[in-house]
Structure formats: structure tokens, C-alpha cells
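Chain by chain, the residues run as shown.
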Amino acid sequence: MTEAIARQLTAWLAEELHDPAVHIEGLCRTSAGYSRENWVFDASWQTDGKTHSWPFIARRDPVGSVLETDRRVEFGTLAALADCAVPVPRVRWLDADGARLGRPSIVMDRAEGICDYLVLNGDRPVKRRLAIAHRLYDRLADIHLLDWRALGLDKVLVPPGDAAAAALDLWEGELRRVQLEPEPEMEMAIAWLRRNKPATSVTTLVHGDFKPGNVLMQGDEVTLILDWETAHLGDPLEDIGWVTNPLRAGEHSIPGIWECSHLIDRWSRRTGFAADPAAIRWWNVLANLKQAMTVQTGRKSFVDGRLNFVLHAPVRIYRLMLELIEAA
Amino acid sequence: MRPTVAEQLAGISRILSEIVAPEVAPGYPAEILRGAIGALNALGARWTDIPAFLAWDIEATANVLRAAIPLLDTTLADAVRDACSHSADPVDWATMEARQEHMRGLLVRAMPAILTDPDGDAHRLMTELFSERSERFPFQMSAQPVKKG
């Protein structure tokens, strides 16, 4: 497969870079990320007699995934964010219909940096980890503070109106599309979410999967926010519900000094947005519904012979979801 | 009947780990192979627990549905009575799997009625079922990949 991708990429870049002799080396598929194929490579080419070389990454839709998203939307979102206050990967080229690489893909610059999903609970002294937490979640606040209309994001993403209803409709629709068997626990959660929807506090850009594992760091600095495939316009409390979900506490918190309350207080001060606890609880439950849905999508893909690892029913996520509901 | 199912699963896992894995290219293919061996090992460790889990799940779900009968419309109540009156051979896996799916489907249909009575027995039994089910479920969401080398 690698040889075929190399040929296709070479042909594509030759056209984009106006050099039929463009050369690609070091192409390999990384094991990072479950939702897209990530192919890293270096390209060298000539322009006006000068030789250039650059590191790239191609993100291609896999045959089967845990998540169905649109490369056209991801590319458009990143292009709109190219010069904003939030550091994002520089996108280069889009293959929206798979004409280039067989399946929809984007090519972007490959940046230097370390991706460490447990950076907040790693080996650094606690003061440095706390400083990293501040930088990290300030970037999340900065995403929510972007003027999405001025950036033209409404040409790529659809303002949801009722953000909670839109999110619930989306994920319930996904369940109907992929479910393999009756899922009473999911139905109970959906019924609760339907009955207890919060009003939209404000409409902002929502990252959708913000976590330490989706940023690049150089030293203690957060240099790039990655993985924008689930970005959308919605309620910023969706991201807050995601990063305060007890399921992911090991990634987002530092016991005793950077708990959910610290994160929410700091985010609220920086953005000026209200953080209604009941609404955050609702988005916590939805966060677990989303997590469970990635597993359901993966189970379906596996059974259809399109995913290369086995997933079982996410019963622990069901339990957490129902505990959150009971405590509400 | 030797090799037993457990012995076959363990043997296939050993072949993949000792013969195939060292020859597989590093990176994505090796990562996928480690995951596949991990899944095979998880299956080998827990497959014998599946019949008992199915039997428990069917019966516990039937208990919720019996308690919900007073809340259900006539058609659904009759379907629940009918489903609860049958039993399946616990060593007939295919029938047990189909029966489990049928009972959980009935629970989905009964859910709106059960949720109208949050203090009722059916609601209490349902939340107990969901909680205990998460403890008894034979498999983790994803198997631990075997370690490199």
C-alpha cells in the first residue's frame, strides 16, 4: 500500500508544486490517531532553480473509522483559522472526493513538537505542570473567543441555533446509523438529554476533541492545536463538558491543584462567559454519549470488515453516563 | 476434544507472537498485529464466561420487563409476557444471543413507559441492571495490545 500512496502523492504534489520531478521520501503511516490514516513524509522540489524541502503529513479517510467526518470541512476550518490567534496546522491541499489518493484527504505541514496525552501528570515538577495546564486551557478559551463571523467560519460551518438540540440530534442520528443491536443504556441517556436540554449560552467555535493528546508542545510551550475534524459552531460549554468529563480526568486534571473547578473558573474569567453547573453537567453526559458513539461506530466498522481492531460495548462509559444522570 | 478451544486460541496467539510478529514491518502493521494478538488473548481468557453472562443478562432484563408490565400498553405487555415465558438452552449460543437481543429490544420499547415512573420498581431494577451489567460484562472496551518485542 505504501508504494501506491507514494506514487499517488508524488503525482499530486508534482501538480501542486509545479515540478514534475518532485521527490518524496520517508513515507510511512503512523499508528497515531484512530479516526484518520496519518501518512508522514518529506518532499523536495525545485522552483526557479532553487531546491526546497519540507515535512508534510497527509490525513486520509480510512476504509473504516471510529468517526465519520468531512475533510472538506476540516480543510475549510483550518484555512479560515490560518492567521488567527490560535495556532493551528497549516493546510496545503485538499482532495475532497478522493481523486488523488483514492479516499478524501488533506495535506498539511508537519510541525515540530511533542504530543503527550499525559503531560499534566508526567515527570515535570508540579509547578511546571500547572503552568502548562494554564497555557493549555487558555488556548481553549482563545478558541471560544475567536470572532468566527469575521474569520468567515460561517461559510464552512453551520451556526446551530439551539446548540444542545443540534448536538443531540447529530449523535442520536449517528447511533441510528451504526448501531448493531438494541442499546437501552444509550436510549435512557438520550431520553434524559432530550428532557433536560440547556439553552445555548453563546455561539462560538467549538474544537470538539480538545485534550493534551491533541496539542503539540515544544518544551513547556503549547505550539499547535491539532485534530480539528470535529470542530463546529456551538456552545463553548460543549468543550468544557468534554474536558471536565470524569472519564478523562487523568488527562485533564492535576489532583488537588488543577481540578474541574479550577479549569472552569479560569476559563470563565478569561472568556467572560457564564459556566452554569447544570449546563456543564448536561454537556458532561453528552461528552460520554459522544465517547460511546465513537466506540459504536468502531464496532460497526469492525463487524463490516473495515476496522483493524476489536471494540466491545462501552459498558463502563454507559455506567458513568448513568451515574452522572442520577447525580444531576 | 483436544486441542480445546482455549488451547487453540492460545496456540494461534503464540504463533502470531513468536513467528509472525518478528517479521512484520515496524509502525502501523506491527501496531495492528499487537492489537490483534491482544484481542485474541482477551477472547481466550474470557470466552468461557460468555454463556453465563448471556443467561444472567436475559434473566435480569426479563425481571425489569416483568416489573414494567403495568406501565405498558397491551401490545407491548403481551410481547413481554410472551418473551418471558420462554427459556433457551444455555449451551445453544446462537439462540441465547438472539434471545438477549430480543429482550434488550423489548427494554428499549418499554423505556419511555419506565421513565414515566422514576420511583417505580421497574426503574430501580433497570438502573441496577445497567450498573451490574457493566461489572459482569466479559470484555473490556478494547483489548490491551501485547507489548513490543
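Residues numbered from 1 in each chain as written. Chains lettered and ligands numbered in written order. Predicted model: local features only at pLDDT ≥ 70, side-chain atom pairs only at ≥ 80, totals over all residues.

A. Fine view of the overall build of chain B. Along its length, chain B carries 6 helices and 0 strands. Overall, chain B shows an N-to-C arrangement of helices and strands of α-α-α-α-α-α. Relative to the compact-globule value of 15 Å for 149 residues, chain B shows a C-alpha radius of gyration of 21 Å, a clear excess of over 25%. Dimensions of chain B, computed from the C-alpha atoms along their principal axes, are close to 60 × 35 × 20 Å. Taken across its 149 residues, chain B has 21% of its residues classed as buried. When contacts within chain B are restricted to residue pairs at least 6 apart in sequence, those whose partners lie at least 24 apart make up 75%. (Helix = DSSP H or I, 4+ residues; strand = E, 2+ residues; numbered from the N terminus. Rg over C-alpha atoms; globule rule 2.2 N^0.38 Å. Buried ≥ 20, exposed ≤ 12 C-beta atoms within 10 Å, placed from the backbone. Contact = placed C-beta atoms within 7 Å.)

B. Region of the structure containing the overall build of chain A. Along its length, chain A carries 10 helices and 9 strands. Since a compact globule built from 328 residues should have a radius of gyration of about 20 Å, the 20 Å found for chain A is in line with a globular shape. For the C-alpha atoms alone, the extent of chain A along its principal axes is close to 65 × 45 × 40 Å. Among the 328 residues that make up chain A, the fraction classed as buried is 39%.

C. Structural context of helix H4 (residues 163–178) of chain A. All names here are of chain A. Its 16 residues give H4 an end-to-end C-alpha distance of 23 Å, which sits within 8% of 22 Å, the value for a rise of 1.5 Å per residue. Buried within H4 are the following residues: Ala163, Ala164, Ala167 and Trp171. Buried residues of H4 fall within an arc of 105 degrees about the axis and therefore sit on the same side. For H4, the exposed residues set more than 90 degrees away from the buried face come down to Gly173, Arg176 and Arg177. Summarising the contacts, the buried residues of H4 are in contact with strand S9 (232–234), helix H6 (237–243) and helix H9 (277–303). (Expected span 1.5 Å × (residues − 1). Arc of directions from axis to C-beta.)

D. A look at the domain arrangement of chain B. When its domains are assigned, chain B resolves into domain 1 (5–48) and domain 2 (50–136). Computed over C-alpha atoms only, the centres of domain 1 of chain B and domain 2 of chain B are separated by 36 Å. (Domains from an automatic or database assignment.)

E. Region of interest: the pairing of strand S8 (residues 221–225) of chain A. Residues and elements named next belong to chain A. Sheet topology note: the strand S7 (residues 215–218)/S8 ladder contains 4 bridges and is antiparallel. The residue of S8 that forms the bridge with valine 215 is isoleucine 225. Counted along the chain from S7 to the antiparallel partner S8, the turn is 2 residues long, and its residue glycine 219 has a positive phi close to 60 degrees. (Pairing = 2+ DSSP bridges.)

F. Geometry of the sheet that holds strand S1 (residues 23–29) of chain A. Residues and elements named next belong to chain A. On the basis of which strands lie adjacent, the open sheet formed by 5 strands has the order S1-S2-S3-S5-S4 and antiparallel pairing. In this open sheet, the two edge strands, each paired with only one partner strand, are S1 and strand S4 (91–95). For this sheet, the mean inter-axis angle between neighbouring strands, taken without regard to orientation, is 20 degrees. (Axes fitted to C-alpha atoms, helices over the stretch in contact; angles between N-to-C directions.)

G. Seen up close, the environment of Leu33(B). Residue and element names in this part refer to chain B. Checked against the element boundaries, leucine 33 lands in helix H2 (residues 28–46). Residue class for leucine 33 comes out partly exposed when judged on the 19 C-beta atoms lying within 10 Å of it. Along the primary structure leucine 33 and valine 146 are separated by 113 residues, whereas in three dimensions their C-alpha atoms are 8.9 Å apart. Residue contacts for leucine 33: discarding those within four places in its chain leaves Leu16, Val20, Ala21 and Val24.

H. Broad picture of the nonpolar core. By size, the foremost hydrophobic cluster in this structure holds 93 residues, and its most contacted members are Ala189(A), Val285(A), Leu286(A), Leu289(A), Met321(A), Leu65(B) and Ala110(B). Broken down by element, this core gets its largest block of residues, 9 residues, from H9(A). Excluding residues that lie within four positions of it along the chain, Leu286(A) makes contacts with Ala167(A), Leu168(A), Leu193(A) and Gly241(A). Formed by 7 residues, the second largest nonpolar core is a distinct cluster that contains Val310(A), Leu311(A), Ala36(B) and Ala143(B). (Core = buried A, V, L, I, M, F, W, Y, C linked by C-beta atoms within 7 Å.)

I. Quick peek at the environment of Trp171(A). Residues and elements named next belong to chain A. Structurally, tryptophan 171 can be placed in helix H4. Among the residues examined, tryptophan 171 registers 20 C-beta atoms within 10 Å and is labelled buried. Considering only alpha carbons, one finds tryptophan 171 and threonine 77, 94 residues apart in sequence, at a separation of 21 Å. Aside from chain neighbours lying at most four places away, what touches tryptophan 171 is Leu289, Lys290 and Met293.

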